[in-house]
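# Architecture at a glance
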Amino acid sequence: MAGNWKMYKTPQDTARFFIDFRPLIANVNHCEIVIFPPAIDIPEAVASAANSGIAIGGQNIYWAAEGAFTGEISAQMIRAAGAAWVLVGHSERRHHVAHEADGDVLKKTQAALSAGLTPVICVGEKLEEHKAGKANDVLVRQFAGGIAGLTEEQFARIVIAYEPVWAIGTGQVATPDIASNAHKLIRSEAEKRFGDTAAQQLRILYGGSVKPDNIQGLMREPEIDGTLVGGASLDPESFAEIVKAA
Ligand code: PGA
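Given the structure is predicted, the values throughout are model-derived calculations rather than measurements. (Residues numbered from 1 in each chain as written. Predicted model: local features only at pLDDT ≥ 70, side-chain atom pairs only at ≥ 80, totals over all residues. Heavy atoms only, no water.)

We now examine the pattern of salt bridges. A full pass over the atoms with the stated rule returns eleven salt bridges. A salt bridge links E100 to K108, with the nearest nitrogen and oxygen atoms 2.7 Å apart. Accessibility expressed as a relative area gives 7% for E100, which makes it buried. Assessed through its relative accessible area of 4%, K108 is described here as buried. Here E153 ties to R157 by a salt bridge, and the two come within 3.2 Å at their closest N and O atoms. (Salt bridge = Lys/Arg side-chain N within 4 Å of Asp/Glu carboxyl O. Buried < 20%, exposed > 50% of the residue type's maximum accessible area, 1.4 Å probe, protein only.)

This part is about the nonpolar core. Ranked by internal contacts, the top residues of the largest apolar core, which has 63 residues, are F18, F21, I35, I54, I147, I158 and Y206. Top contributing element to this core by residue count: helix α9 (residues 176-194), with six residues. Not counting the four nearest positions on each side in its chain, I35 is found in contact with G3, W5, F17, F18, F21, I54, A55, I56, G57 and F239. F36, A55, C122 and L228 belong to the second largest nonpolar core, which has twelve residues in total. (Core = buried A, V, L, I, M, F, W, Y, C linked by side-chain atoms within 4.5 Å. Helix = DSSP H or I, 4+ residues; strand = E, 2+ residues; numbered from the N terminus. Contact = heavy atoms within 4.5 Å.)

Tracing the backbone shows A101 in the loop between α4 (91-97) and α5 (102-114). Considered as a pair, A101 and Q142 are 41 residues apart in the sequence and their alpha carbons are 8.9 Å apart.

Read around the closed barrel, eight strands run β1-β2-β3-β4-β5-β6-β7-β8, paired in parallel fashion. Taken over all neighbouring pairs, the strand axes of this sheet differ in orientation by 25 degrees on average, direction set aside. Of the strand pairs in this sheet, strand β2 (residues 33-36) and strand β3 (residues 54-58) are connected by three bridges, and their pairing is parallel. Within β3, the residue paired with I35 across the bridge is I56. (Pairing = 2+ DSSP bridges. Axes fitted to C-alpha atoms, helices over the stretch in contact; angles between N-to-C directions.)

With that settled, consider the side chain of S48. Structurally, S48 can be placed in helix α2 (residues 42-48). Of note is the side chain of S48, whose polar atom sits 2.8 Å from the side chain of E44. (Polar contact = N/O pair within 3.5 Å; in protein donor to acceptor, adjacent residues only side chain to side chain.)

Below, the discussion takes up the packing of helix α1 (residues 11-24) against helix α12 (residues 236-244). What describes two packed helices is the angle between their axes and the distance between those same axes. Viewed as axis vectors pointing N to C, α1 and α12 meet at an angle of 30 degrees, and their least axial separation amounts to 9 Å. Viewed along their axes, α1 and α12 adopt a mutual orientation that is roughly parallel. Seen from above, α1 lies across α12 with right-handed handedness. Taken together, the residues of α12 that come into contact with α1 (itself represented by F17, D20, F21 and L24) are P236, E237, F239, A240, V243 and K244. For the contact of α1 with α12, the residue count by class is seven nonpolar, no polar and three charged. (Parallel < 35°, antiparallel > 145°, perpendicular 65-115°, else oblique. Left-handed = near helix turned anticlockwise from the far one by under 90°. Nonpolar A, V, L, I, M, F, W, Y, C, P; charged D, E, K, R; others polar.)

Moving on, we get to a negative patch on the surface. Together, D213, D235, E237 and E241 give the surface a local cluster of negative charge. On the basis of relative accessibility, which here comes to 70%, the residue D213 falls in the exposed class. (Patch = residues over 30% accessible without salt bridge, like charges linked within 9 Å, V, L, I, M, F, W, Y side chains within 5 Å. Areas by Shrake-Rupley, 256 points an atom, 1.4 Å probe, with all protein chains shown as cover. Lys, Arg positive; Asp, Glu negative; His and termini not counted. Charge placed at Lys NZ, Arg CZ, Asp CG, Glu CD.)

Most of strand β7 (residues 203-207) is tucked away: four of the five residues are buried. Two elements, strand β6 (residues 159-162) and β7, share four bridges in a ladder whose sense is parallel. Counterpart to I160 in the pairing with β7 is I204. Summarising the sheet, β7 and strand β8 (residues 226-229) pair through three bridges and their orientation is parallel. Across the sheet, residue L205 finds its bridge partner in β8, namely G226.

So this is what it looks like as structure tokens:
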């Protein structure tokens, strides 16, 4: 169960969150919990989450280890700061802030894996693609360009998040059925390229307007292995409720 804080919370807010959140999930041992704070908050999050079992991840990396890339941050750097995970290809980066293409997603994933991070690769169709019945085509294209180029050994270490863009931050959650079908499609692409065992072992998270009041229906679907939560992960109580429903 993963929380993507996007561009919210200072280091001080981060410390406060963990003081409130840790007791709420102290008895949780049925799932992994990962929080993706802004990069500036990673050291505070790592310190605040020590010995809690909660892992910390970055929201983005550049693919080079170091160099003249003003404003960027590398996989090695966030790893050295204590992050163990990283989001790659979030739709806000693909479509709003950075125009990331599938080829960038592949390079960032490879860089994350070389640095020992677990990448969560985000895929999903936009509203107009959803309305035009093109969701499957988009997922197939994103898989082919961003994921299929991995080796089998690399593929075994990734997590995929299906995040339909029309459901992100809109309050309009995908129905368990829509999410489940998209996950099946992704798993079948994985099977074609990497084989049956690798596809069965792949964890696929759903993301997009996950809230305490819709988590139960989503988690009932065997195809949904967890969720990537934006807005509702900012509040310790609502994220704890979501985690407990996993
Ligand atoms: P949301 O965001 O839960 O606020 O819709 C999900 C995400 O973008 O990962």
